[in-house]
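# Examination of the molecular architecture
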Amino acid sequence: MPKLSRVTIVVLLLLLAAAWWLWRDRDTVALALINWVQDAVQVEALSGLTVYGGDIHLDRLRLSTTQGAAADLRGLRLAHPLRFFGAINNSELTVAEARLSLPEQAPEPTSPTSLPGPNMPPAGTATTESGETAYAAGQEDNELYLSEIIKALALLPARLEIKQLQWPDSMGGRQIPATVSLQRVPDSTTLLGNYESSSLRSEVTILPEDKELQLRAKLNLDNEPASQVLIISANKSQGNRWEIAASTISRLHWLQRKEVPLPIAASEGELLLKGRGRLPDNLLAFSEYEAFWLEFSSQDALVSFETDFLPLTLKLATTTPLSTEVLSLRPLQLAQLSGEANVEASVTGAADLPLLSSKVRAQIEGDQAVLNASGSLSPEALLPLLENGPWEGSPGLAIIEEAGGEIFFEASAVLPGMKENTPVRGNEQLWLENANLTIKPGSELRVGAVTDPQTQAPWSRVGWQQALATLKVEAPLTLSTEGWPGNLRLSATDIQGTLQEKKGEPAVNFQLSEATCDFAGTTECATAIQANSPQLTFKDSGVTVNDLVLSSSLTFTAGKQQNEIRVSDFFAKATSVTSGPVQATGLLVTASAGRCLNMDKKIHCESAPQVTAESVKTADPAIELGGTVAIAPIKLTRLEDKLEFHAQYDIAEASVRWEDGGEVNFNGTGELSLTDTLLRGTGQISTGDIRAQSNWSHNLETTSGSAKLELPRISFSEEEPLSKSITGLPVDLVAGALSATAHMSWPADAKDQVQLSLDGVAGVYDKSFATGINTSLRLLRAGDNWVTADPQPVSIDAVDVGIGIKDIHFDLSITEQRDIVLSSLSAKLLEGEINSESLTWNLDDQPRRSLLSASGISLRALEKEMEAENFAASGTLDLQIPVITGPDGITVEAGKVEARPPGGRLRYYGAFSPAMLAGNPQLKMLSGALEDYSFRTLGGTLNYPPSGDMQLQLKLVGRSDSVAKDRDLIINLNLENNVPSMLRSLQASRDLSEALQKNLE
């Protein structure tokens, strides 16, 4: 025996080690090899691989598919494994237990194994240079050969048995047990299969031959006759094609069994389907299907879905069988089409309330295959479907509580066929031509909804708890296409509707006219809208709109990159709009055009509206405005959370009127802008020669802001008074100039101030006037009040209230206690002087006391001012007048009056009437003495109550030549005179214009 070399020994040792490793890790190795040689299923787990008694045993095998289905197989036994490789597979496979689980949801397709969708070109096509589609046989992307299926059936084990099959019921609940077996008849290729569960029994016979396939299957429910019968025969003909005939009849009541993986709660009736045709060996080469015929009929078929899935019941009954003869499937060409069926749908449990009732008819009309349908749809029956179906709990639908009306429709479409050339658009075959769905006039839809705080429904803003919307189709509403797949067009000539609170009167009436929508690569919609409302009240803002009329044309465009809304000929008018104390009447808003563009998360809007109001009134203060505001243009841009806005406005022929008859007619211009949360504005208002300018900003987030107001220097004259620009003011300025500036903040800030300058201003109030007013007044903010930092000097040349006061000087102060203080007051009156260290008035009418002194008051000057023919006087008076200001106005208590030596003279004729003198000798003597009385002393008190009746209690010592010229005559006088009346009398006695002109000179 030759001696082994060292190399040979090493190789043998390596082979033994490899074999030992393969056997030790046989489970892992087998798992890897199986997944490597095939990709139909994924082997996820494999364990317990052993060989015993010539059989292969496997404890567990877990498989899964790319679609999400899985199978867990236990106790596998392959008997006679070597027979697997013989001419006939006589091995036997037994599975003790198999557990199946279905995918939770349908997966997305990984390859186009089905017919092409609307936007997917059909397999096996090519585009010519002219853009037409050419269909080429044998160029399908997917392959499933019938001949290979027959060969695979012949290679199945002689016996396959699953002793216990567990799979979930249709709703994924309990597992349903069943047994499955498949065996070959000895010495033949015939296969016999059985499936048996507690309620279903199925038998199948398959005869696979090289050029022939026969399949017969039946399904029995309990002990009843066959519930489903299927017969298929296939015979191979020339050109590697198969002549196939098939028929099936189904008694639908078996579909409701839990082990059927369909969400069906109830089913009944029968379906019959028959067909024959010539198919290619590759069953997925649809372009090679030809010359096949199909017929479908139904006898009172009914299917009710599980409520949790869709609470819907469908009924189908064919009046005449639906049949068609297809010359070619791809491209689709029909040679014959006929049949008629009735289709009904209702909500499960509400059969007396049909949701859909329709008649479908298929027929040949001339050289066209036409499908027609007509019927009605009940919105009332649709509501339970929305409440209990897969949409249950959807926020948009949860608020709907009722629906009503009825929708009548008709539809028609032409199917390809009866023509030599099948219609093609681009790379797509048209499956339908001239298709349309029309909602017929008389259709009506009513929807009632409740207010849901989470959804913020629009009607909640007008305070409605329940809203009712009604739509009425007054002219046909049509959805049509020249060819499908292809562009769709929606058109509606006249749709009318109302919106109202459920138990109220219609609040909004509207009409959509000439509405169109084109659905292509870009969606384009256009309509004209008209609406009116007798009254709308917006609860949150408290705004009420009366007699609203609105009209506009709208265009909407939606594309892949951007969306756009265009508005043209916008018109809105309301007789009145009220918000709290503000009421606007004759309100009109117009805009010739406007648009909003949404692109790349950016929204940009532009418009140029014009707003006109006949009157805008406020109750407190009583002000009325009117005029037109034109905005050109508004530009608004929003990018994510950032908002920008810009607009220019022009106010034309506007007016402000107030309760006392005052009116200002003005024009204005300005700009508004918004960046993020900062709103800015500039503006100018002009009336006559007056120009007011503003510059302001406001932070929307912090609700804080500031403003600068400026009134440039304005000069007044008798030819150009203030009343020429502003009418109805109680005061008119007729000379001099004024200017003002203001810096305001909100919330109030200590830096806020107002500056007012008067230069030689002359003003007229009623029949009084003042001239030569000069001051520069500066007010500062102190909390909620305006104050002066320092006393502000004021000078006035003259004030005439019937009696002239001249050379008035004082320092004006306003305190935090709201006191107006005139300090260091001096003036000239009746050739004398008036002085006060401090004269105070409180703006809250709190009582304030001051002392006013009058010295050197000439009685002769008083005589001249009064111009009384029966009164003459001479002498000089000094007065001490304690002034009280407060809720009663100006009053004087216990003032003092005293004449300067050497006294003076009084001549008062006709002080008493003849009736008073008759029978009263003393009064007659006093009257005579006053006609010529010389006094040495005069003294007394002065009181001025709220009534305005000044009271003088005087004591005079002197002599009268007419009574007793050689002895003193003491006269006690109690005089009372209403000062306002006296001043009005003095004002009436002089010419105001002449007196004013004299002072202005």
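Residues numbered from 1 in each chain as written. Predicted model: local features only at pLDDT ≥ 70, side-chain atom pairs only at ≥ 80, totals over all residues. Heavy atoms only, no water.

## Focus: the overall build of the protein chain
For the protein chain, the helix and strand inventory stands at ten helices and 58 strands. Relative to its 1001 residues, the protein chain shows a buried fraction of 37%. Summing over all exposed atoms, the protein chain offers an accessible surface of approximately 56,000 Å²; the carbon and sulfur share of this is 55%. (Helix = DSSP H or I, 4+ residues; strand = E, 2+ residues; numbered from the N terminus. Buried < 20%, exposed > 50% of the residue type's maximum accessible area, 1.4 Å probe, protein only. Areas by Shrake-Rupley, 256 points an atom, 1.4 Å probe, with all protein chains shown as cover.)

## Topic: the state of the cysteines
Here the structure, examined in full by the defined rule, presents two disulfides. Through a disulfide, Cys517 is tied to Cys525; the S-S separation comes to 1.9 Å. Taking the sign of the S-S torsion, about 120 degrees here, the bridge from Cys517 to Cys525 comes out right-handed. (Disulfide = S-S within 2.5 Å.)

## A short note on the confidence of the model for the protein chain
This prediction gives the protein chain a mean pLDDT of 80; 83% of its residues lie at or above 70. With pLDDT under 50 throughout, residues 6–11 is counted as low confidence; its partners more than four residues away or in other chains account for one contact. Note on residues 106–140: pLDDT under 50 across the span, and 63 contacts to partners over four residues away in sequence or across chains. (pLDDT = per-residue confidence, 0-100. Contact = heavy atoms within 4.5 Å.)

## Notes on unusual backbone geometry
In this model, Trp484 is joined to Pro485 through a cis peptide bond whose omega is 5 degrees. With respect to the secondary-structure elements, Pro485 resides in the loop between β27 (477–484) and β28 (488–501). Within the chain, Glu514 stands out as a residue other than glycine whose phi angle is a positive 50 degrees. Along the polypeptide, Glu514 turns up in strand β29 (residues 506–519). The backbone phi angle of Thr703 is positive, close to 55 degrees, even though this residue is not glycine. Relative to the elements of secondary structure, Thr703 occurs in the loop between β40 (690–699) and β41 (704–716).

## Observations regarding helix α6 (residues 859–866)
Two or three places before Arg860, at the opening of α6, Ser858 has a side-chain oxygen 3.3 Å from that residue's backbone nitrogen. Where α6 ends, the next residue or the one after it, Glu867, has phi of about 50 degrees, a positive value. (Polar contact = N/O pair within 3.5 Å; in protein donor to acceptor, adjacent residues only side chain to side chain.)

## Some thoughts on the environment of Ala520
Locating Ala520 in the fold gives a position in the loop between β29 and β30 (523–538). Overall, the relative accessible area of 39% leaves Ala520 in the partly exposed class. Through-space distance from the C-alpha of Ala520 to that of Arg489 is 8.7 Å; in sequence the pair is 31 residues apart.

## Some remarks on the packing of aromatic side chains
Under the criterion given, the structure shown has two aromatic pairs. Their ring planes at 45 degrees and their centres at 5.6 Å tell us that Phe286 and Tyr289 sit as a pair that is tilted. A centroid spacing of 6.3 Å and a plane angle of 80 degrees characterise the contact between Tyr289 and Phe292, whose relative ring orientation is edge-to-face. As far as the burial class goes, Tyr289 and Phe292 line up, both buried. An aromatic cluster is present here, built from Phe286, Tyr289 and Phe292 joined pairwise through their rings. (Phe/Tyr/Trp six-rings, centres within 6.5 Å; stacked < 30°, edge-to-face > 60°.)

## Here we look at the pattern of salt bridges
Per the stated rule, a full pass over the model turns up 25 salt bridges. One connected set of salt bridges, linked through shared partners, spans Arg60, Asp72 and Arg74. (Salt bridge = Lys/Arg side-chain N within 4 Å of Asp/Glu carboxyl O.)

## A few points about the side chain of Asn372
Along the chain, the position of Asn372 falls in strand β20 (residues 368–377). Look at Asn372 and you get buried, because its relative accessible area is 16%. Those residues in contact with Asn372, other than ones at most four positions away along the chain, are Lys359, Val360, Arg361, Gln363, Glu365, Ala411 and Ser412.

## Focus on the side chain of Ser147
For Ser147, the position within the fold is in helix α3 (residues 146–154). Of note is the side chain of Ser147, whose polar atom sits 2.8 Å from the side chain of Asp281. Ignoring sequence-local partners within four residues, the contact set of Ser147 consists of Trp242 and Asp281.

## Notes on the pairing of β27
Along any regular strand, the residues point their side chains to alternate faces of the sheet. Two elements, strand β24 (residues 432–439) and β27, share seven bridges in a ladder whose sense is antiparallel. Pairing of Leu432 across the sheet is with Trp484, part of β27. Remark: three residues form the turn of the hairpin made by β27 and β28, two consecutive strands paired antiparallel. (Pairing = 2+ DSSP bridges.)

## Comments concerning the environment of Thr544
Among the secondary structure elements, Thr544 is positioned in strand β31 (residues 543–558). Sequence separation of Thr544 and Val577 is 33 residues, and the distance between their C-alpha atoms is 5.5 Å.

## Description of the environment of Leu825
Structurally, the position occupied by Leu825 is in strand β49 (residues 819–829). Here Leu825 falls in the buried class, since its relative accessible area comes to 10%. With 16 residues separating them along the chain, Leu825 and His809 place their C-alpha atoms 5.7 Å apart. Leu825 has contacts with Ile808, His809, Phe810, Ile834, Asn835, Ser836, Leu839 and Leu852, leaving out every residue within four places of it along the chain.

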